[in-house]
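Structural description and commentary
For reference, the chains in residue letters:
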Amino acid sequence: MNQNDIAQYIAGIRMIASGTELKTVTRTTDFKKKEAQQINISAPAELVEITITSNYVTINNAFTVQIKSHPNKNASRPTGRMANKVVIVTGAAQGFGAGIVELLFNEGANVVIADLNAEKGQAAADHLNALGYGNTARFIACDVTSLESTDQCVAETVNTFGGIDLIVSNAGVLRAGSIEETDAKTFDFVTKVNYYGYFNCVKSVTPVMKIQNMVQPEYYADIIQINSKSGLKGSNKNFSYAGGKFGGIGLTESFALELAPYKIKVNSVCPGNFYEGPLWSDPVNGLFVQYLNAGKVPGAQSIEEVKQFYLKQVPLGKGCSPKDVVKAILYLVEQENETGQALPVSGGQEMLR
Ligand SMILES: NC(=O)c1ccc[n+]([C@@H]2O[C@H](COP(=O)([O-])OP(=O)(O)OC[C@H]3O[C@@H](n4cnc5c(N)ncnc54)[C@H](O)[C@@H]3O)[C@@H](O)[C@H]2O)c1
């Protein structure tokens, strides 16, 4: 930690965190503000003495720590399967992400809507806060293609809510096209959001989750990537997307191996198509319009015929909704004996092998 850094003591998880630079996060052992006159800090390596004066402490005359209890920690709804949890969902301004965030909020979670789209993201947070449930939603501007941005999002989340229990790496883009049609720039764009974006989320969030596990060794945290059925089976003229999603499952399996000792579970959820979301239904750029205009579905004369063509490929005969995905997320969070899995939620369109 640099000289003059201002750090915060976050009561909920007994952690000292720099407000600006997450890599310098350190933690206390079992410090209670009223009792302790001394804090042992596990990193930097040597133990240092901290003198408490009022709401501030000075550590070895090097930097000042502001003692700040997390305001929301005890204010959340007492009920709900995610009560008191802190969740970041990337790409949550619309589509699957917006549905996921709303349903987890309804289950009592404090949520961070991390998205490029400030207008929709802020509106979604305002809408949730107006429900008056007691838990809190926050919009944080975030570009998952930038590690600096995901670091900043995680730092702000910790400073607001006192920790992170779950990150849902959901932000994703799709640019379909044949090999001839797809240029390097398009391939790079899709890969940066869908593949690198997942890595950036994991890189930013793991220092915090590891500290939480150090403080509470029995504590589990979760990383969940929203993958796709296209991460399990190739997608014709849609290789930029499918390739990144396949790669995402490789990341999930590898992260799961590396992070298991810290009780950080890492899993992917692989949804089927969400026909009501903007990706498919946007009247200008949606996939229904694109596929109809491109003649991708032989003989289809209307959007309804395009939709029926895709629905016929699903044994359960329906599309996938945020509710279906959140049921999978809740399962993955609540169970304590599974990691590194890719869980299909595709109405049977993709089955495990
Ligand atoms: N819609 C489907 O049918 C479907 C099916 C299977 C899987 N998925 C996956 O679900 C996830 C969400 O898809 P969707 O259909 O809801 O998409 P969407 O296009 O409706 O929403 C994506 C959101 O991500 C945000 N975003 C885009 N780039 C970003 C970036 N660099 N940083 C931060 N935010 C960014 C957008 O602003 C938007 O709010 C994706 O990972 C997608 O691959 C979607």
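Residues numbered from 1 in each chain as written. Predicted model: local features only at pLDDT ≥ 70, side-chain atom pairs only at ≥ 80, totals over all residues.

Attention now moves to the site of the ligand. Inspection of the region around the ligand gives 29 residues, with Gly 91, Gly 95, Phe 96, Gly 172 and Leu 279 positioned closest. Elements with a minimum of two residues in the shell around the ligand: helix H1 (95–106), helix H4 (184–215) and helix H6 (278–281). Tallied by class, the residues present in the shell around the ligand amount to 14 nonpolar, 13 polar and two charged. (Near = placed C-beta within 6 Å. Helix = DSSP H or I, 4+ residues; strand = E, 2+ residues; numbered from the N terminus. Nonpolar A, V, L, I, M, F, W, Y, C, P; charged D, E, K, R; others polar.)

With that settled, the discussion passes to the environment of Ile 88. You can see Ile 88 is positioned in strand E7 (residues 86–90). On a C-alpha basis, the gap between Ile 88 and Ile 223 in space is 9.8 Å, while along the polypeptide they are 135 residues apart. Excluding its chain neighbours within four sequence positions, the residues that come into contact with Ile 88 are Val 112, Ala 114, Cys 153, Thr 157, Ile 164 and Ile 167. (Contact = placed C-beta atoms within 7 Å.)

Quick look at the pairing of strand E12 (residues 264–271) now. The buried count for E12 comes to eight of eight residues, which makes it a mostly enclosed element. Alternating positions in E12 separate into two faces, Ile 264, Val 266, Ser 268 and Cys 270 on one and Lys 265, Asn 267, Val 269 and Pro 271 on the other, with burial throughout. When strand E11 (residues 221–226) meets E12, the two strands line up parallel, connected through six bridges. When the sheet's bridge partners are listed, Gln 225 is paired in E12 with Ser 268. Taken together, E11, helix H5 (residues 239–259) and E12 constitute a β-α-β crossover, and its handedness is right-handed. Relative to strand E13 (residues 342–345), E12 runs parallel, the two sharing four bridges. When the sheet's bridge partners are listed, Ser 268 is paired in E13 with Ala 342. (Buried ≥ 20, exposed ≤ 12 C-beta atoms within 10 Å, placed from the backbone. Pairing = 2+ DSSP bridges. Right-handed = clockwise from strand over helix to strand, strands pointing away.)

Running from N to C, H1 and helix H9 (residues 322–334) cross one another at 55 degrees; their axes reach a closest spacing of 9 Å. Classified by the interaxial angle, the pair formed by H1 and H9 is oblique. H9 is crossed by H1, and the crossing has right-handed handedness. Seen from H1, the contacting residues are Phe 96, Gly 99, Ile 100, Leu 103 and Leu 104; seen from H9, they are Pro 322, Lys 323, Val 325, Val 326 and Ile 329. Class assignment for the residues of the contact of H1 with H9 results in eight nonpolar, one polar and one charged. (Axes fitted to C-alpha atoms, helices over the stretch in contact; angles between N-to-C directions. Parallel < 35°, antiparallel > 145°, perpendicular 65-115°, else oblique. Left-handed = near helix turned anticlockwise from the far one by under 90°.)

Nothing here speaks to function; it is geometry throughout.
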